[in-house]
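Listed below are the residues making up each chain.
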Amino acid sequence: QVQLVETGGGLVQPGGSLRLSCTASGSVDHILLMGWYRQIPGKEREPVATISRADISNYADSVKGRFTISSDNARNMVTLQMNSLKPEETAVYYCHLKRLSGPDAWGQGTQDTVSS
């Protein structure tokens, strides 16, 4: 079993920045990728950014150029730097982990609010 612990996030003004971190523990063998999803009120959970163990990253079109995902494979940690945040990006952000086998793992979610 995998446990994901998320830190960071909170309240920020429009145009501001937030940084999310997620650390995996437990059965962390054969991790394929880690990343972040978000769920905006009234909408489906959507991918924001992912990064593979080979350091290949992918971003949702809406966040390209503003968000940066990075990883520390030795620590099984992934970080999401979010800049120029918009009010419509207020959401619960979830850390996600995919392994070669076994179910995907999800963090408990962190509420990020962009508001003046």
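Okay, so let's go over this structure. (Residues numbered from 1 in each chain as written. Predicted model: local features only at pLDDT ≥ 70, side-chain atom pairs only at ≥ 80, totals over all residues. Heavy atoms only, no water.)

Concerning the environment of Arg66
Next up, step 1: Looking at the secondary structure, you find Arg66 in the loop between β6 (57-59) and β7 (67-72).
Next up, step 2: Distance in space between the C-alpha atoms of Arg66 and Lys86 is 11 Å, their sequence separation being 20 residues.
Next up, step 3: Once residues within four sequence positions are removed from consideration, Arg66 is found in contact with Gln81, Met82, Asn83, Ser84, Leu85, Lys86 and Glu89.
Next up, step 4: At 2.9 Å, the side chain of Arg66 forms a polar contact with the backbone oxygen of Ser84. (Helix = DSSP H or I, 4+ residues; strand = E, 2+ residues; numbered from the N terminus. Contact = heavy atoms within 4.5 Å. Polar contact = N/O pair within 3.5 Å; in protein donor to acceptor, adjacent residues only side chain to side chain.)

Here we look at the sheet that holds strand β1 (residues 2-8)
Next up, step 1: Strands sit in the order β1-β3-β8-β7 across an open sheet of 4 strands; the sheet is antiparallel. Edge strands, defined here as strands with exactly one partner in the open sheet, are β1 and β7. This sheet shows a mean twist of 15° between the axes of neighbouring strands, independent of strand direction.
Next up, step 2: Alignment of strand β3 (residues 18-26) against strand β8 (residues 77-82), held across 6 bridges, turns out to be antiparallel. Bridge pairing in β8 links Leu20 to Leu80. (Pairing = 2+ DSSP bridges. Axes fitted to C-alpha atoms, helices over the stretch in contact; angles between N-to-C directions.)

Here we look at the environment of Ile69
Next up, step 1: Structurally, Ile69 is set in strand β7.
Next up, step 2: Between the C-alpha atom of Ile69 and that of Thr50, which follows or precedes it by 19 residues, the distance is 7.1 Å.
Next up, step 3: Apart from the residues lying within four places of it in its own chain, the contact partners of Ile69 are Met34, Gly35, Trp36, Ala49, Thr50, Ile51, Ser57, Tyr59, Val78, Thr79 and Leu80.

Description of the pairing of strand β4 (residues 31-39)
Next up, step 1: Pairing analysis gives 8 bridges linking β4 to strand β9 (residues 91-99), with the strands arranged antiparallel. Each bridged residue has a counterpart across the sheet, and for Leu33 the counterpart in β9 is Lys98.
Next up, step 2: Alignment of β4 against strand β5 (residues 46-52), held across 6 bridges, turns out to be antiparallel. The residue of β5 that forms the bridge with Trp36 is Ala49.
Next up, step 3: The antiparallel pairing of β4 with β5 creates a hairpin that spans 6 residues between the two strands, and Gly42 there sits at a positive phi of about 85°.

Topic: the side chain of Thr90
Next up, step 1: In this structure, Thr90 sits in the loop between β8 and β9.
Next up, step 2: Of note is the side chain of Thr90, whose polar atom sits 2.9 Å from the backbone oxygen of Pro87.
Next up, step 3: Here the side chain of Thr90 touches Val114 through a polar contact of 2.9 Å, landing on its backbone nitrogen.
Next up, step 4: When sequence neighbours within four positions are dropped, the list of residues in contact with Thr90 reads Ile40, Pro41, Gln111, Asp112, Thr113 and Val114.

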